[in-house]
Amino acid sequence: MKAAVFKEIGQPLSVETVEDPTPEPGELVMEVAYCGICGTDLHATREGLTTACCGRILGHEFVGTVAEVGKHADGGWQVGDRICALPFIACGNCRACASGQFFQCLNKKVSGVDDQGGFAEYVTTGSRETLRIPDNLDLESAALVEPLAVGLHAVRVAELKAGSRVMIMGAGPIGLTVALWARFFGARDIVVSELTETRAGLARKMGATQVIKPDVSAGGDRLLEQFSDLTGTAPDIIFECVGAPGLLQQCIEIAPYGGKIVPVGVCEKPDSIMPFLGLIKELSVQFAIAYTKDDFETSIAMLAEKRIDVTPMITDIVGLDDLPGVFEALRTPDHQCKVLTKIQ
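The sections below set out a description of the structure shown in this document.

### So, the pattern of salt bridges
Per the stated rule, a full pass over the model turns up 16 salt bridges. The closest approach of N and O atoms between K2 and D321, which form a salt bridge, is 3.3 Å. On the criterion of sequence distance, the pair formed by K2 in strand 1 (residues 2–6) and D321 in the loop between strand 17 (314–319) and helix 11 (323–329) is long-range, its members being 319 residues apart. In the salt-bridge network here, residues are joined through shared partners; they are E27, K109 and D115.

Here it is as structure tokens:
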């Protein structure tokens, strides 16, 4: 099969012909239709905590059809079934697996990390972790189920309620999906802080009631002032969706007494905070990572019922041969938000 392979740090992905995957007894092989490019894919190709192994096929936001069914695969799968999957192949025997929380399984394989990913014509998925795509949902939209599930999971762990006042730092794909779900669950104010005008415009389409441009030199006090000018008060919940050092401290400065902070952005560098300020405010900090199977199921259902719309996020669709150049361009993005690789 054809695949885009990570060779080494500092080099573009290489489109090569590699061996087709073979399913283990409890696995499926998916013929990939689309695979989205995620920020964590970019992180995996540079030096850091999540650097991928040389020779790895990246990509974990995939959707397509069943091409082959493993001998003991659960679910009654048939070749040609339209599917997406959580990018984990878990053990199936632990408490986390029993509750659909596959990310918490200590014996899982992660697609694009421990196992080959979806920037390829075919990828293996776990039969338990695979979900059907309804016939009325196009595969292009279904390719965004994974980032949608990230945003939904963040909003759920925040225990966001109707009438909440929300600040979202960053209008990348995850910040946008958080805004979308915050609107879905009835947040009163959804203020997105974003530097670039292109993504600020997307935030307005994806659920933001207001967008502010942060003054990076002014810190949290200025952001709080901007939020208060728009809403008359401080935010109940702050979602940090950038993952840059210093932003968690800004959240602590912005949050009111009893407020909640939900870090969602991936920060790979050491950071420092002033705990005393959070202490005297009695703040709650709830980190959010990945998703459950139900987050995927809910995202699929809401897309199929047209109760949410992710199409504004899709700014580019490229072929596998063009992926290496586009991937490099995303290190310093211009207009791009969610870029899909069309495999088939």
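### Some remarks on the nonpolar core
Counting 64 residues, the largest nonpolar core has I168 and F239 as the members making the most contacts within it. No other element matches the seven residues that helix 4 (residues 145–157) contributes to this core. Those residues in contact with I168 that lie beyond four places of it in its chain are G175, V178, A179, I190, V191, V192, S193, F239 and C241. By size, the runner-up hydrophobic cluster in this structure holds 33 residues, among which are L13, C35, A120 and L330.

### Details of the sheet that holds strand 2 (residues 14–17)
Strand order in the open sheet formed by three strands is 2-1-4, and the pairing between neighbours is antiparallel. Of all strands in the sheet, those bounded by a partner on one side alone are strand 2 and strand 4 (56–57). Examined bridge by bridge, strand 1 and strand 4 share two bridges and lie antiparallel to one another. Across the sheet, F6 pairs through a bridge with R56, a residue of strand 4.

What counts, and where the lines are drawn
- Residues numbered from 1 in each chain as written.
- Predicted model: local features only at pLDDT ≥ 70, side-chain atom pairs only at ≥ 80, totals over all residues.
- Heavy atoms only, no water.
- Salt bridge = Lys/Arg side-chain N within 4 Å of Asp/Glu carboxyl O.
- Helix = DSSP H or I, 4+ residues; strand = E, 2+ residues; numbered from the N terminus.
- Core = buried A, V, L, I, M, F, W, Y, C linked by side-chain atoms within 4.5 Å.
- Buried < 20%, exposed > 50% of the residue type's maximum accessible area, 1.4 Å probe, protein only.
- Contact = heavy atoms within 4.5 Å.
- Pairing = 2+ DSSP bridges.

Everything listed is a geometric property; what it means functionally is a separate question.
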